[in-house]
Amino acid sequence: MSEAVLDWWEYHEGRRCALAAWHHHRQRAGGERPSFDGDEARDRLRGLAQQQWPGGQDTWTTGPTEADLDERTRRLIASGATAIFRATITAGGTSLVVDVLERTAQGSWCAVLLSTRYGLDRFLVEQAALTLHVLQAASIPVAGVHLVHVDADYRKGKGPIEPEAFLVRRSLTIRAARAKARVVSAMAVLTDIAAEAVPPDVPRGTHCRACTFTDRCVETLPADWTGRYPTEAGTSADVWLARGYERMGDVPADEPMGAPRRRARLASRTGRIVVDPALPQVLEACRPPVWYLDFECVWSLLPVFEGTAPAQHVPFLWSLHHVDEEGRLTHLDEIVAPGPDPRRRMAESLVEAVGAYHEPIVVYGDYEAERIGELAALFPDLAPALERIRGRIVDLLAVIRDHVYDLQFRGNFSLKAVGPVLAPGLTYRELAIRDGLTAARAYARLLYLPEVTPDDVETTLADLRAYCERDTLALVDVHRTLMNLAQGATMTAEGEERYPEVRV
Ligand code: SF4
């Protein structure tokens with residue numbers, strides 16, 4: 001690759017890690033880059049925003065099919081189009097897709113960036129700066145660079161969403177002009193790196209956390225690799241890695257660190273699961289008889305139900321398992337078929353199911369408590385019952401994070417990470433839906449797509465119920481393992497902690 005022309009995404013990723021830019025560039029050159037087209041939030045936002053430019057023309061759907069997108073953009077500029085959607089311009093060593101090029105009354109152009117975020121951040125300013133650079137390099141007269149983003153305070157009314165109320169437009173022209181030299185210079189460095197046949201040698205560290213290439217760079221590293229603890233209290237994991245402490249067990253005991261890392265360090269040194277002696281006492285709060293609760297929610301950047309905010313999580317399904325004093329397991333659930341706002345039925349059915357009891361309700365994380373709090377705020381007549389339910393919640397994630405560590409958690413306390421360790425017999429493998437995001441998308445598909453058949457609806461609702469049931473069953477199994485572990489945790493008369501010899 002003698003000469004590289006990077007796009008915005010390669011620049012964006014490259015600001016975090018040069019190796020990520022190198023990989024992304026090669027993926028695009030090889031036609032392997034996963035497309036962002038089809039991203040539900042972006043597509044729907046684009047459709048709504050484009051209503052503000054009636055008569056605008058989309059380079060993806062207009063012009064001769066043999067012309068590439070740059071050529072189509074140039075033809076639309078020359079044709080007198082008043083607005084061009086997804087204008088593709090390659091100039092100044094960069095290739096960019098501008099969401100909207102808007103012709104001004106004076107015949108110059110305003111570039112409009114559409115953002116699925118709620119406000120301004122460093123990357124949007126850099127994107128605006130790069131847009132300014134590319135337009136000027138292409139000799140397109142630029143009047144300004146504007147940002148259109150979602151108004152976080154918007155609440156859906158009775159009718160369809162009105163773009164003027166939902167979207168906020170602001171000028172980034174001055175910020176873009178100020179940032180341009182810095183951004184162009186950073187882009188030049190990344191372009192040189194991307195042109196090399198050999199990948200850059202970069203250190204692995206906390207910046208790897210949100211990368212799409214972790215399977216290449218990080219997942220093969222040991223389970224106790226120090227970089228797996230990026231957000232914990234104490235010294236940065238990057239500092240430890242720079243000092244050569246590659247594994248948590250290498251980190252000296254007198255280094256500042258919080259309790260979760262201290263347990264991870266001990267697990268690394270002993271190779272055994274670490275259980276805090278306070279675990280039995282903590283678990284007293286959720287001895288059987290006990291309930292296990294999980295919600296599934298749908299959310300959309302463009303809100304669907306009256307009164308909801310952009311991307312607000314709306315529950316449509318709950319699953320409850322119950323374990324009685326004898327250890328007998330029962331299950332119940334409630335799902336609202338796609339159509340009207342499901343929240344009233346969700347709230348009523350939850351109160352009907354568990355409102356009359358005083359037994360603890362085990363959840364994982366604070367998601368369920370937050371949703372119940374929102375339902376209580378929405379339905380004052382149900383608020384006392386819902387608040388009582390919320391008051392019975394015990395968060396198993398906090399229990400594990402604060403009392404247990406196994407190396408195979410790999411620094412991750414999500415149920416999908418600790419479940420296979422603490423409940424190894426439980427699997428999602430045979431299920432059609434295996435994670436919450438897929439569940440939300442499956443339900444959203446039923447809401448949005450007109451071609452959905454009754455059979456489709458029935459199958460999807462059954463798949464959703466099976467997934468949610470498995471999540472609460474995982475909670476039951478994880479809780480059971482914790483109770484077993486708690487029986488092995490002891491403390492000597494001298495106050496020395498003793499951990500169980502067992503590995504789960
Ligand atoms: S995993 Fe880390 S080192 Fe590898 S490309 Fe991503 S950020 Fe860079």
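Residues numbered from 1 in each chain as written. Predicted model: local features only at pLDDT ≥ 70, side-chain atom pairs only at ≥ 80, totals over all residues.

Digging into the overall build of the protein
Now for step 1: Counting its secondary structure elements, the protein contains 18 helices and 16 strands.
Now for step 2: Along the first, second and third principal axes, the C-alpha set of the protein runs to 80 × 60 × 40 Å.
Now for step 3: With 504 residues in all, the protein has 34% of them scored as buried.
Now for step 4: Here the contacts in the protein between residues at least 6 apart in sequence split such that 66% fall between residues at least 24 apart. (Helix = DSSP H or I, 4+ residues; strand = E, 2+ residues; numbered from the N terminus. Buried ≥ 20, exposed ≤ 12 C-beta atoms within 10 Å, placed from the backbone. Contact = placed C-beta atoms within 7 Å.)

Looking at the site of the ligand
Now for step 1: The environment of the ligand is formed by 13 residues, the closest being Cys-17, Ala-20, Cys-208, Cys-211 and Cys-217.
Now for step 2: Elements with a minimum of two residues in the shell around the ligand: helix H2 (18-29) and helix H8 (214-217).
Now for step 3: For the shell around the ligand, the element with the most residues is H2, which contributes 3 residues.
Now for step 4: Residues of the shell around the ligand, tallied by class, amount to 9 nonpolar, 3 polar and 1 charged. (Near = placed C-beta within 6 Å. Nonpolar A, V, L, I, M, F, W, Y, C, P; charged D, E, K, R; others polar.)

A short note on helix H5 (residues 122-137)
Now for step 1: Counted at 1.5 Å a residue, the expected span for H5 with its 16 residues is 22 Å, and the 23 Å between its end C-alpha atoms agrees.
Now for step 2: Taken together, the buried positions of H5 are Glu-126, Gln-127, Ala-128, Ala-129, Leu-130, Thr-131, Leu-132, His-133, Val-134 and Leu-135.
Now for step 3: On its buried side, H5 packs onto helix H1 (8-14), strand S3 (83-91), strand S4 (94-103), strand S5 (109-115), strand S6 (142-150) and helix H7 (173-195).
Now for step 4: Looking one or two places after H5, you find Ser-139, whose phi comes out positive at around 60°. (Expected span 1.5 Å × (residues − 1).)

A short note on the packing of helix H17 (residues 436-448) against helix H18 (residues 454-488)
Now for step 1: It is the contact of H17 with H18, at a shortest axis distance of 10 Å, that shows an interaxial angle of 155°. Relative to H18, the element H17 lies roughly antiparallel. The two elements H17 and H18 cross, and the hand of that crossing is left-handed. Residues Ala-439, Ala-442, Tyr-443 and Leu-446 of H17 form the contact with H18, whose participating residues are Val-457, Thr-460, Asp-463, Leu-464 and Tyr-467. (Axes fitted to C-alpha atoms, helices over the stretch in contact; angles between N-to-C directions. Parallel < 35°, antiparallel > 145°, perpendicular 65-115°, else oblique. Left-handed = near helix turned anticlockwise from the far one by under 90°.)

Brief notes about helix H12 (residues 343-354)
Residues that lie three or four places apart on an α-helix share one face, since the helix turns once every 3.6 residues.
Now for step 1: For H12, which comprises 12 residues, the first-to-last C-alpha distance of 17 Å matches the rise-based estimate of 16 Å (1.5 Å per residue) to within 8%.
Now for step 2: Along its buried surface, H12 packs onto strand S9 (290-298), strand S10 (314-323), strand S11 (329-335), strand S12 (361-363), helix H13 (367-378) and helix H14 (383-391).

Structural notes on the domain arrangement of the protein
Size of an interface, as often reported, equals the accessible area lost when the parts are brought together.
Now for step 1: Partitioning the protein into domains gives domain 1 (6-195), domain 2 (215-271) and domain 3 (280-490).
Now for step 2: Inter-centroid distance (C-alpha atoms) of domain 1 to domain 2 is 40 Å. (Domains from an automatic or database assignment.)

So, the environment of Cys-297
Now for step 1: Looking at where Cys-297 falls in the secondary structure, it is placed in strand S9.
Now for step 2: When the C-alpha atoms of Cys-297 and Ser-95 are compared, they prove to be 38 Å apart, with 202 residues separating the residues in sequence.
Now for step 3: When residues no more than four places from it in sequence are discounted, the contact partners of Cys-297 are His-313, Val-314, Pro-315, Phe-316, Arg-371 and Ala-440.

Digging into the nonpolar core
Now for step 1: In this structure, Phe-316, Val-362, Val-404 and Leu-464 are the most contacted members of the largest nonpolar core, which totals 65 residues.
Now for step 2: For this core, the element with the highest residue contribution is H18, accounting for 10 residues.
Now for step 3: Counting residues domain by domain, this core receives three or more from each of domain 2 (215-271) and domain 3 (280-490).
Now for step 4: Leaving out residues up to four positions away in the same chain, Leu-464 has contacts with Glu-296, Leu-317, Ile-335, Ile-433, Ala-439, Ala-442 and Tyr-443.
Now for step 5: Judged by nonpolar contacts, the second largest core, of 40 residues, contains Tyr-11, Ala-20, Trp-109 and Ala-129. (Core = buried A, V, L, I, M, F, W, Y, C linked by C-beta atoms within 7 Å.)

A closer look at the packing of helix H16 (residues 415-422) against H18
Now for step 1: Relative to each other, H16 and H18 sit at 55°, their axes nearing to 9 Å. Overall, the two elements H16 and H18 adopt an arrangement that is oblique. Where H16 crosses over H18, the two elements pack in a sense that is left-handed. Contacts from Leu-415, Val-418, Gly-419 and Leu-422 of H16 reach H18 at Ala-474, Val-478 and Thr-481.
Now for step 2: A class-by-class count of the residues in the contact of H16 with H18 yields 5 nonpolar, 2 polar and no charged.

Considering the pairing of S5
Now for step 1: For S5, the tally of buried residues reaches 5 of 7 residues, placing the bulk of the element in the interior.
Now for step 2: Where S4 lies against S5, 4 bridges are found, and the strand directions are antiparallel. Its bridge partner lying in S5, Glu-102 is registered against Cys-110.
Now for step 3: Between S4 and S5, which pair antiparallel in sequence order, lie 5 residues; one of them, Gly-107, sits at a positive phi of approximately 95°.
Now for step 4: Alignment of S5 against S6, held across 7 bridges, turns out to be parallel. Its bridge partner being in S6, Trp-109 is matched across the sheet by Val-142.
Now for step 5: Remark: the S5/H5/S6 crossover connection has right-handed handedness. (Pairing = 2+ DSSP bridges. Right-handed = clockwise from strand over helix to strand, strands pointing away.)

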